[in-house]
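Per-entry structural report
These are the residues of each chain, in order.
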Amino acid sequence: MPELRPSDPAEPGITRRRGRSFSYAHPDGRPVKDKRVLDRIRALALPPGLAGGVDLP
């Protein structure tokens, strides 16, 4: 189960960049390389069919 953490939307966070595949960057631009962080991000991903703004019941 992925670990959920509260965050402040006003604070900078990890961003996702798209190239041949997705990559993730820290607020200062450094790439995210920590396997635990990458695993957590990938575990939180929505399936493609739900990522288009579909309202969930």
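Residues numbered from 1 in each chain as written. Predicted model: local features only at pLDDT ≥ 70, side-chain atom pairs only at ≥ 80, totals over all residues. Heavy atoms only, no water.

**What to know about the packing of aromatic side chains**
Considering all chains together, one arrives at zero aromatic pairs under this definition. The lysine or arginine in question, Arg16, covers the ring of Phe22, its NZ or CZ lying 3.9 Å from the ring centre. (Phe/Tyr/Trp six-rings, centres within 6.5 Å; stacked < 30°, edge-to-face > 60°. Lys NZ or Arg CZ within 6 Å of the ring centre and 35° of its normal.)

**Examining the pairing of strand β2 (residues 22-25)**
For strand β1 (residues 15-18) and β2, the ladder comprises four bridges, and the chain directions are antiparallel. Following the sheet pairing, Arg16 is matched in β2 by Tyr24. What sits between the antiparallel neighbours β1 and β2 is a turn of three residues. (Pairing = 2+ DSSP bridges. Helix = DSSP H or I, 4+ residues; strand = E, 2+ residues; numbered from the N terminus.)

**Digging into the layout of surface pockets**
Here the largest pocket is characterised by a volume of approximately 220 Å³. The wall of the largest pocket is formed by 12 residues, among which Arg5, Pro6, Ser7, Asp8 and Arg40 lie closest to the centre. Across the lining of the largest pocket, the residue classes tally to five nonpolar, two polar and five charged. (1 Å grid on protein atoms, 1.4 Å probe; cavity = no way out; pocket = protein on both sides within 12 Å on 5 of 7 lines; lining within 4 Å. Points joined across faces, edges and corners; volume = space filled by probe spheres on them. Nonpolar A, V, L, I, M, F, W, Y, C, P; charged D, E, K, R; others polar.)

**Topic: the confidence of the model for the chain**
When pLDDT is averaged along the chain, the result is 78; 72% of the residues meet or exceed 70. Put simply, β1 is where the chain has its lowest mean pLDDT, 84, and β2 is where it has its highest, 89. (pLDDT = per-residue confidence, 0-100.)

**Notes on the environment of Arg30**
The topology assignment puts Arg30 in the loop between β2 and α1 (35-43). Judged by its relative accessible area of 48%, Arg30 is partly exposed. With residues up to four places along the chain from it excluded, the contact list for Arg30 reads Tyr24 and Ala25. Looking at Arg30, its side chain comes within polar contact range of the side chain of Asp28, at 2.8 Å. (Buried < 20%, exposed > 50% of the residue type's maximum accessible area, 1.4 Å probe, protein only. Contact = heavy atoms within 4.5 Å. Polar contact = N/O pair within 3.5 Å; in protein donor to acceptor, adjacent residues only side chain to side chain.)

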